[in-house]
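# Secondary and tertiary structure notes
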Amino acid sequence: MVKFVASSLAALVLTVATIQAQSTTTAAAATTKTTTSAAAATTTTTTWPAANQVPPTNSAEVQAWLKEIDLTGAPDIELHKGDPPSCPNPPIANECYWTCDGCSDDDIVSCARPNTWGLTFDDGPSTDTPTLLTYLKGQNLAASFFLIGSNVVQYPEIVKQEVAEGHHLASHTWSHHALTTLTNEQIVAEMRWTEKAVMEYTGLKLKYMRPPYGDINARVRFVLKKLGYIPVDWTGDEFDTNDWQMPTMSESTVISTFTKSLDTYAASNKTTGFYCLEHDLNNLTVGVAQKIIPLGLARNITIAPIPVCESDASPYQNSNTATTTTAATNGTTATSTSANQSATSSSTSGNQANQGKTSGAESRVAGSALSAIAGAAVAGLLLA
Ligand SMILES: [Zn+2]
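Under an unreviewed UniProt entry, the chain has the name Chitin deacetylase and belongs to Entomortierella chlamydospora.

Moving on, we come to the overall build of the chain. Looking only at helices and strands, the chain has 10 helices and 13 strands in total. The 384 residues of the chain split such that 53% are buried. Counting only contacts in the chain whose residues sit at least 6 apart along the sequence, the fraction spanning at least 24 positions is 82%.

Here we come to the environment of L204. With respect to the helices and strands, the residue L204 is situated in the loop between α6 (184-202) and β8 (208-209). Between the C-alpha atoms of L204 and Q317, which are 113 residues apart in sequence, the distance is 7.7 Å.

Read from one edge of the open sheet, 3 strands run β10-β4-β11, paired in parallel fashion. One side of each edge strand has no neighbouring strand; the edge strands of this open sheet are β10 (274-275) and β11 (302-304). In terms of strand pairing, strand β4 (residues 116-118) meets β11 through 3 bridges, oriented parallel. Residue pairing across strands places G118 opposite A304, the latter belonging to β11.

With that settled, the discussion passes to helix α1 (residues 60-68). Every buried residue belonging to α1 is among E61, V62 and W65, and all of these are buried. Taken around the axis of α1, the buried residues stretch over an arc of 90°, which confines them to a single face. Residues of α1 that are exposed and angled more than 90 degrees away from the buried face: A60, A64 and K67. Contacts from the buried residues of α1 go to α6.

On to the pairing of strand β5 (residues 120-124). In terms of burial, β5 is largely enclosed, as 5 of its 5 residues are buried. Alignment of β5 against strand β6 (residues 144-147), held across 4 bridges, turns out to be parallel. Looking across to β6, one finds that D122 is bridged to F146. Assessed by its sense of winding, the connection that carries the chain from β5 through helix α3 (residues 129-139) to β6 is right-handed.

Turning to the packing of α1 against α6, a few remarks are in order. At their nearest, the axes of α1 and α6 sit 10 Å apart, and the two run at 105° to each other. Taken together, the axes of α1 and α6 are roughly perpendicular relative to one another. For the pair formed by α1 and α6, the contact residues are V62, W65 and L66 on the first element and E185, V188, A189 and R192 on the second. For the contact of α1 with α6, the class distribution of residues is 5 nonpolar, no polar and 2 charged.

As a further point, take the nonpolar core. One finds L147, V159, L169, A170 and V198 to be the most contacted residues of the largest nonpolar core, which totals 82 residues. Among the elements that take part in this core, α6 stands out by supplying 9 residues, more than any other. Aside from chain neighbours lying at most four places away, what touches A170 is S144, F145, F146, L147, L206, Y208, M209, R210 and I306.

To continue, consider unusual backbone geometry. Here the amide bond leading from G124 into P125 is cis, since omega sits at -5°, within 30 degrees of zero. Checked against the element boundaries, P125 lands in the loop between β5 and α3. In this structure, N242 is a non-glycine residue whose phi angle is positive, near 60°. Turning to its location among the elements, N242 is positioned in the loop between β9 (230-231) and α8 (251-266). One non-glycine residue, N300, lies in positive phi territory at about 60°. Tracing the backbone shows N300 in the loop between α9 (283-298) and β11.

Judged by which residues are buried, strand β7 (residues 168-171) turns out to be covered on both faces: H168 and A170 on one side and L169 and S171 on the other are all buried. When β6 meets β7, the two strands line up parallel, connected through 4 bridges. Looking across to β7, one finds that L147 is bridged to S171.

This next bit is on the environment of T99. Relative to the assigned elements, T99 resides in helix α2 (residues 98-101). Separated by 118 residues in the primary sequence, T99 and N217 place their C-alpha atoms 8.2 Å from one another.

Moving on, we get to the packing of helix α5 (residues 156-164) against α6. Following both chains from N to C, one finds α5 and α6 inclined at 70°, their axes separated by 10 Å at the closest point. Comparing their axes, α6 and α5 come out roughly perpendicular. For the element pair α5 and α6, the recorded crossing hand is right-handed. Seen from α5, the contacting residues are P156, V159, K160 and V163; seen from α6, they are V198, Y201 and T202. Broken down by class, the residue content of the contact of α5 with α6 amounts to 5 nonpolar, 1 polar and 1 charged.

What counts, and at which threshold
- Residues numbered from 1 in each chain as written.
- Predicted model: local features only at pLDDT ≥ 70, side-chain atom pairs only at ≥ 80, totals over all residues.
- Helix = DSSP H or I, 4+ residues; strand = E, 2+ residues; numbered from the N terminus.
- Buried ≥ 20, exposed ≤ 12 C-beta atoms within 10 Å, placed from the backbone.
- Contact = placed C-beta atoms within 7 Å.
- Pairing = 2+ DSSP bridges.
- Arc of directions from axis to C-beta.
- Right-handed = clockwise from strand over helix to strand, strands pointing away.
- Axes fitted to C-alpha atoms, helices over the stretch in contact; angles between N-to-C directions.
- Parallel < 35°, antiparallel > 145°, perpendicular 65-115°, else oblique.
- Nonpolar A, V, L, I, M, F, W, Y, C, P; charged D, E, K, R; others polar.
- Core = buried A, V, L, I, M, F, W, Y, C linked by C-beta atoms within 7 Å.
- Left-handed = near helix turned anticlockwise from the far one by under 90°.

If you want it as structure tokens, here you go:
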């Protein structure tokens, strides 16, 4: 990883790598889609697991992935029940369960840059994501997108657009189930299938993830680390925008509540930034994003994606760069340094223990059939 002093930097550089689509053939599971890569002139046949369901662990793919890692020593914590689960009563000793006791261990919970809003969107891509992308482009802003694998294979062109426009991709699992309710092997299946989908369409191997519902404990963390992932939660309840509660919660309530959080933050010493919980889930969440982002800008808060927050020049497990092109973000930020990192888990953590978070209930998006894709992937890698 390349480090730099962010405050002295003036331009954010977008690095674009052209990565040829891979040809893969897999067996098992529910739906098959044959795709033809226009640029690479190869045919890819991938059989993806059923949408929005926990992928089976007895498939050849998952069995192979399990052989690649050693789960010996995983904390022996019983599985929770419910989706999302209710808090265990009595609490389980040493579980470090963020959802219920606020224990975050070394999860990232705050943007490491002072006075910075780490802009993230969960649960996409959706049919409303392009509207958000148009807005962000107009504002010259970049975000991190926590993608649901089921949606990636349904809307791969949107994922490619996110990369091409300088955004950062991260994982939000395949089916958006609460990970503390799944076995270690099921967690591997959720993460690796999503990783495979994004890799197939963009060539990028994801490195950051956000657990659905913020549902993460010591056992889940252990498995995620074995897979090379860095969990990113959010900076406590006041930075859950509650956009997912619309329309039950009115837009005006979402905005007024979040305005108070921004005002409180703006009046603080702002030595660290924050990560919000927001969603590119539907027209309501995408709509309110366009109303609250200006509130942050008006308070002179820098808005940036995870790689900028964490000064991570290698924001993918396989970060490789080629051509340097253009710039993004609101004013501030960084010169780039080229990334070149081989697989696995370097662990960045901007981290603080025990940040509070209790609401637990974020929305999930429905998805279904696959859609066709074509073409070699163009991968944009935002560096800081
Ligand atoms: Zn989610």
